[in-house]
Amino acid sequence: MALFNKNKEKFSLNDIILPEHIGIIMDGNGRWAKKRGLPRTAGHTAGAQTFRRIARYCSDIGIKYLTVYAFSTENWKRPKEEVDAIMKLFKEYMIEAISDFQDDSIVVKFIGDRTVFPPDMLELIEKNEQDSKDRDGMVLNIAMNYGGRDEIVNAVKTIAQDVKDGKLDVSDINAQLISDSIYTKGQPDPDLIIRPSGEYRTSNFLLWQSAYSEYCIMDVLWPDFKSEHLDKALIEYAKRNRRFGGI
Ligand code: IPE
Ligand code: IPE
Ligand code: MG
């Protein structure tokens, strides 16, 4: 998409401040399918394609970290047929990523409670992470069975155990220690969180990390989300005045 500044002069993304870390709540697959009279699973298939395109685009424009919300700790409430279809899509993507990404620069990570996944999926998760860990490109965090509250609960348990074992003192507990005890350890907090589908809520996404994230709620369903929508969010982000509690 051609981008224009307020004087109607053409400019490129190189001219604006880009977020270092983007989070995306990939929402609206079900509504997209419903609108077309298709089963919800067709929406997830289309959404998976959008994910492939947008992840590639973010990497191409130089985004350093991208975290995508693919499946929440609450999404298990959905009908088994739908959950099974989503898990099948994960599996396909992970198999494809291993071979297609061989000469790629993207570092693939999974955030969320992976202990619930069957051994074959766990193997694919670990292989993707292992094969890509030494690359130097964008870090792609795929949030699968991820819940912000669950993540904080797990961090609290780890810290409590360390205190109990005498490895930590209560006075050592601070915000940095919590940041270092969650899935995104060592990564910057998201600067921008995009939620397509028009819903104004976090739905348990990156609760700790999003303390000062800029939100961009967009009225487009995820399967219809194009690089132009991302550009729009980036332009909007560049105009925001981030104060972090200051003036
Ligand atoms: C997001 O799309 C995908 C997952 C939560 C797995 P939805 O399936 O939530 O789509 P809507 O919100 O029902 O349209
Ligand atoms: C959030 O969307 C989870 C993902 C996109 C993976 P949901 O569709 O689950 O959120 P709610 O239920 O509308 O809050
Ligand atoms: Mg939804």
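As the structure is a computational prediction, the values presented were derived from the model and not from experiment.

### Looking at the overall build of the protein
Move 1: Helices and strands together make up the secondary structure of the protein, namely 7 helices and 8 strands.
Move 2: Relative to the globule expectation of 18 Å for 247 residues, the C-alpha radius of gyration of the protein, 19 Å, shows essentially globular dimensions.
Move 3: Dimensions of the protein, computed from the C-alpha atoms along their principal axes, are close to 60 × 50 × 35 Å.
Move 4: Taken across its 247 residues, the protein has 45% of its residues classed as buried.
Move 5: For the protein, the share of sequence-separated contacts (at least 6 apart) that also reach a separation of at least 24 residues comes to 76%.
Move 6: For the protein, the accessible area works out to roughly 13400 Å², and carbon and sulfur atoms hold 51% of it.

### Focus: the pairing of strand S8 (residues 214–218)
Move 1: Residues Glu214, Cys216 and Met218 of S8 are buried on one face, while the alternating residues Tyr215 and Ile217, pointing to the opposite face, are not.
Move 2: Two elements, strand S7 (residues 192–196) and S8, share 5 bridges in a ladder whose sense is parallel. Within the sheet, the bridge partner assigned to Arg195 lies in S8 and is Ile217.

### Comments concerning the site of ligand 2
Move 1: What surrounds ligand 2 is the set Ile25, Met26, Asp27, Tyr69, Ala70, Phe71, Asn75, Arg78, Arg195, Arg201 and Ser203.
Move 2: One of the side-chain N or O atoms of Arg78 is found 3.2 Å from an oxygen atom in ligand 2.
Move 3: Contacts to ligand 2 include Arg201, whose side-chain N or O atom sits 2.7 Å from an oxygen atom.
Move 4: Contact with the protein chains hides 78% of the accessible area of ligand 2, taken as 390 Å² for the molecule alone.
Move 5: Most atoms of ligand 2, that is more than half of them, are within 2 Å of grid points of the largest pocket.
Move 6: No other element matches strand S4 (residues 65–72), which puts 3 residues into the shell around ligand 2.
Move 7: Its residues placed into classes, the shell around ligand 2 shows 5 nonpolar, 2 polar and 4 charged.

### Quick word on the nonpolar core
Move 1: Among the nonpolar cores identified, the biggest contains 46 residues, and Ile24, Phe51, Leu66, Leu140, Ile142, Ile194 and Leu230 are the most heavily contacted of them.
Move 2: When near neighbours in sequence (up to four residues on either side) are disregarded, Leu140 contacts Phe51, Ala55, Leu66, Val68, Tyr93, Ile106, Val107, Val108 and Lys109.
Move 3: One finds Tyr69, Ile111, Ala143 and Phe205 within the second-largest nonpolar core, a separate group that totals 8 residues.

### Observations concerning empty space enclosed by the protein
Move 1: Under the counting rule described, the total for this entry stands at 1 cavity of 30 Å³ or more.
Move 2: Here the largest cavity defines a volume of roughly 30 Å³.
Move 3: Every residue along the wall of the largest cavity is listed here: Ala97, Ile98, Phe101, Val108, Asn128, Asp131, Ser132 and Arg135.
Move 4: Only helix H3 (80–100) and helix H4 (119–132) provide two or more residues apiece to the lining of the largest cavity.
Move 5: Among the elements that take part in the lining of the largest cavity, H4 stands out by supplying 3 residues, more than any other.
Move 6: Here the lining of the largest cavity is composed, by residue class, of 4 nonpolar, 2 polar and 2 charged.

### Observations regarding the site of ligand 1
Move 1: As a structural note, the neighbourhood of ligand 1 is formed by 13 residues, with Asp27, Gly30, Arg31, Arg40 and Arg78 the closest of them.
Move 2: For ligand 1, an oxygen atom lies 3.1 Å from a polar atom in the backbone of Asn29.
Move 3: A distance of 2.9 Å separates an oxygen atom of ligand 1 from a polar atom in the backbone of Gly30.
Move 4: Starting from 380 Å² of accessible surface for ligand 1 in isolation, the protein chains cover 87%.
Move 5: If you map ligand 1 onto the pockets, it falls in the largest pocket.
Move 6: Considering only residue class, the shell around ligand 1 consists of 3 nonpolar, 5 polar and 5 charged.

Calculation criteria
- Residues numbered from 1 in each chain as written.
- Chains lettered and ligands numbered in written order.
- Predicted model: local features only at pLDDT ≥ 70, side-chain atom pairs only at ≥ 80, totals over all residues.
- Heavy atoms only, no water.
- Helix = DSSP H or I, 4+ residues; strand = E, 2+ residues; numbered from the N terminus.
- Rg over C-alpha atoms; globule rule 2.2 N^0.38 Å.
- Buried < 20%, exposed > 50% of the residue type's maximum accessible area, 1.4 Å probe, protein only.
- Contact = heavy atoms within 4.5 Å.
- Areas by Shrake-Rupley, 256 points an atom, 1.4 Å probe, with all protein chains shown as cover.
- Pairing = 2+ DSSP bridges.
- Near = heavy atom within 4 Å.
- Polar contact = N/O pair within 3.5 Å; in protein donor to acceptor, adjacent residues only side chain to side chain.
- 1 Å grid on protein atoms, 1.4 Å probe; cavity = no way out; pocket = protein on both sides within 12 Å on 5 of 7 lines; lining within 4 Å.
- Sits in = over half its atoms within 2 Å of the grid points.
- Nonpolar A, V, L, I, M, F, W, Y, C, P; charged D, E, K, R; others polar.
- Core = buried A, V, L, I, M, F, W, Y, C linked by side-chain atoms within 4.5 Å.
- Points joined across faces, edges and corners; volume = space filled by probe spheres on them.

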